[in-house]
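# Tertiary structure, described
If you want the building blocks of each chain, they are given just below.
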Amino acid sequence: MNEDNRLIRRGAQSQIALKAAIIGGGKACDDLLVLLSDERLKRLKMEIMGVAEPNPDAPGISRARKMGIFTTSDFTDLYTLPGLTLLIELTGSMDLREQMIHTKPLHISSIDHRGARLLWDLIQIETEKQQLQQESEKAIRRERDWSQRFIDSLGDKIMVLNRDRTIYRVNGTFVKASGLSEDAVLGKPCYEITHRVSEPCKGEDHGCPFEEVLATGASCSVIHQHKDTEGKRIFEEIMASPILNDKGEIIQVIEGIRNVTGKVALEEEVRRNKEYLENIIANSSDMIITTDLQGRIVTFNPGAENMLGYSMEEVLGVGVETLWKVSGKRRHLMAEVKAKGFVNNYPATLIAKDGQEVEISLSLAELRDREGHVLGTVGISKDVTEENRLRRQLIQQEMELRKANDFMNKSIQSSP
């Protein structure tokens with residue numbers, strides 16, 4: 001006979017209520033009545049139907065009366081109780097035990113004060129078991145209360161989902177943001193509460209992190225566009241992670257939801273500004289060059305390509321001093337920029353790819369990040385080669401004209 005069969009038979013018998021009566025209303029009877037009245041021992045399915053005791057002031061008799069249990073001074077009166085199946089003798093009297101054995105009906109079983117010890121042990125085991133269960137339940141409640149207080153303290157909305165997408169648990173931030181009570185949220189599909197729609201998220205632009213976690217077993221995050229309780233458009237980042245059981249199986253998914261509307265707006269503004277700046281750099285006829293802290297070329301716009309004949313690929317990462325006719329002049333310029341932060345209309349000469357000299361008017365400034373740290377330099381240059389050539393030509397012509405005028409004046413003065 002295997003253990004499973006024994007458990008099955010015991011399980012079936014345990015469903016039959018045991019109707020018992022106690023002979024002897026002393027302290028042992030009183031203790032037994034107290035134990036059996038405990039809510040935790042209902043699983044024993046034992047009902048005390050009567051107590052017999054000649055002493056009307058015995059503690060067991062007094063408690064039985066208060067509990068509404070039948071009492072009598074003659075134990076044979078207990079035989080008439082309907083459905084009685086067990087007598088428990090707690091007097092310790094051998095004579096009374098002999099009388100009980102010879103007078104009780106055959107359908108009623110009995111245990112004497114010595115056999116009652118086994119009953120006491122069983123009750124004690126059940127009591128300890130119930131106490132352990134109660135302590136375990138308290139520990140679980142404490143742990144749950146602590147974890148709930150923890151997630152309630154978080155600024156992000158927290159939602160724990162069952163595998164069928166129903167909401168198992170939320171934090172206070174979620175309840176407050178949703179405008180709904182916790183009871184109205186729990187057990188509902190997540191998309192009904194967060195998106196106010198009747199079907200799950202789908203599509204490349206609105207992927208479901210819940211599905212991805214179940215598919216991959218790994219954490220993930222997405223940004224969704226939602227509407228708040230006032231109907232305004234908001235962006236929320238949803239970070240989802242699996243909750244595993246002892247076997248490593250996904251039993252639930254926890255999602256943290258954060259409002260990133262400001263972040264998305266800022267990123268959009270940065271993107272627009274970047275595009276705007278890139279358009280200016282790309283479409284400017286001026287030469288625009290940025291360098292890092294080591295003076296290596298980082299940006300070389302089309303204006304620079306047209307002016308010097310190099311492509312961006314040819315000069316990217318190259319020291320900008322190699323383009324200068326006199327490199328020492330740039331070092332002098334950088335000292336001035338470091339002292340002032342910028343220099344405007346600085347005259348310089350660069351060497352183009354074909355070896356020709358290109359005269360420029362350079363405005364150079366330090367390139368800094370938001371915290372003010374210097375990242376390098378940005379320079380904007382105009383090609384003034386032709387302008388300088390014409391200026392020099394004009395100066396030469398003015399000099400020659402002045403010489404001619406001086407010669408003519410001298411000739412007039414020397415004539416008779």
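Overview of the structure. Since the structure is predicted, the reported quantities are computational estimates derived from the model, not experimental observations. (Residues numbered from 1 in each chain as written. Predicted model: local features only at pLDDT ≥ 70, side-chain atom pairs only at ≥ 80, totals over all residues. Heavy atoms only, no water.)

## A short note on the overall build of the protein
Counting secondary structure elements, the protein contains 14 helices and 15 strands. Expressed as a percentage of its 416 residues, the buried residues of the protein come to 32%. Considering only intrachain contacts with a sequence separation of at least 6, the fraction spanning at least 24 residues in the protein is 45%. Element-wise, carbon and sulfur atoms account for 53% of the exposed surface of the protein, whose accessible area totals about 26,300 Å². (Helix = DSSP H or I, 4+ residues; strand = E, 2+ residues; numbered from the N terminus. Buried < 20%, exposed > 50% of the residue type's maximum accessible area, 1.4 Å probe, protein only. Contact = heavy atoms within 4.5 Å. Areas by Shrake-Rupley, 256 points an atom, 1.4 Å probe, with all protein chains shown as cover.)

## Some thoughts on the environment of E47
Position of E47 relative to the elements: it lies in strand β2 (residues 46–52). Using a relative accessible area of 41% as the deciding quantity, one classes E47 as partly exposed. In this structure, E47 is in contact with L18, K19 and A20, ignoring residues within four places of it in sequence.

## So, the packing of aromatic side chains
Summed over all chains, the structure comprises 1 aromatic pair. On the numbers, 6.3 Å between centres and 75 degrees between planes, the contact of F75 with Y79 is edge-to-face. Residue F75 is classed as buried on the basis of its relative accessible area, which comes to 9%. A cation over an aromatic ring shows up here: K340 above the ring of F342, its NZ or CZ 5.8 Å from the ring centre. (Phe/Tyr/Trp six-rings, centres within 6.5 Å; stacked < 30°, edge-to-face > 60°. Lys NZ or Arg CZ within 6 Å of the ring centre and 35° of its normal.)

## Focus: the nonpolar core
Core analysis: the largest hydrophobic core is formed by 22 residues, its most contacted members being M287, F300, W324, L333 and I360. Ignoring anything within four residues of it in the chain, the contact list for F300 reads I288, I289, E305, L308, Y310, S311, M312, V315 and L323. With 20 residues, the next largest nonpolar core counts C190, Y191, A240 and I257 among its residues. (Core = buried A, V, L, I, M, F, W, Y, C linked by side-chain atoms within 4.5 Å.)

## Here we look at the pattern of salt bridges
Summed over all chains, the structure comprises 20 salt bridges. Two residues, E211 and R165, come together in a salt bridge whose shortest N-O distance is 2.5 Å. Remark: R165 occurs in the loop between β6 (157–162) and β7 (167–170) and E211 occurs in helix α9 (residues 209–216); sequence separation between them is 46 residues. Among the residues examined, E211 registers a relative accessible area of 42% and is labelled partly exposed. Across the salt bridge formed by K325 and E357, the nearest N and O atoms sit 2.7 Å from each other. Placement of the pair is K325 in the loop between α12 (312–315) and α13 (327–340) and E357 in strand β14 (residues 357–368), with a sequence separation of 32 residues. Overall, the relative accessible area of 40% leaves E357 in the partly exposed class. Connected through salt bridges with shared partners, the residues E268, R271, R272 and E275 form a single ionic network. (Salt bridge = Lys/Arg side-chain N within 4 Å of Asp/Glu carboxyl O.)

## Focus: α9
P209, F210 and V213 are the residues of α9 that are buried. Take α9 and look down its axis: the buried residues cluster within an arc of 110 degrees, on one side only. Of the exposed residues in α9, those oriented more than 90 degrees away from the buried face are A215 and T216. Packed against the buried residues of α9 are β6, β8 (220–227), β9 (233–244) and β10 (250–259). Following α9 by one or two positions, G217 adopts a phi angle in the positive range, close to 75 degrees. (Arc of directions from axis to C-beta.)

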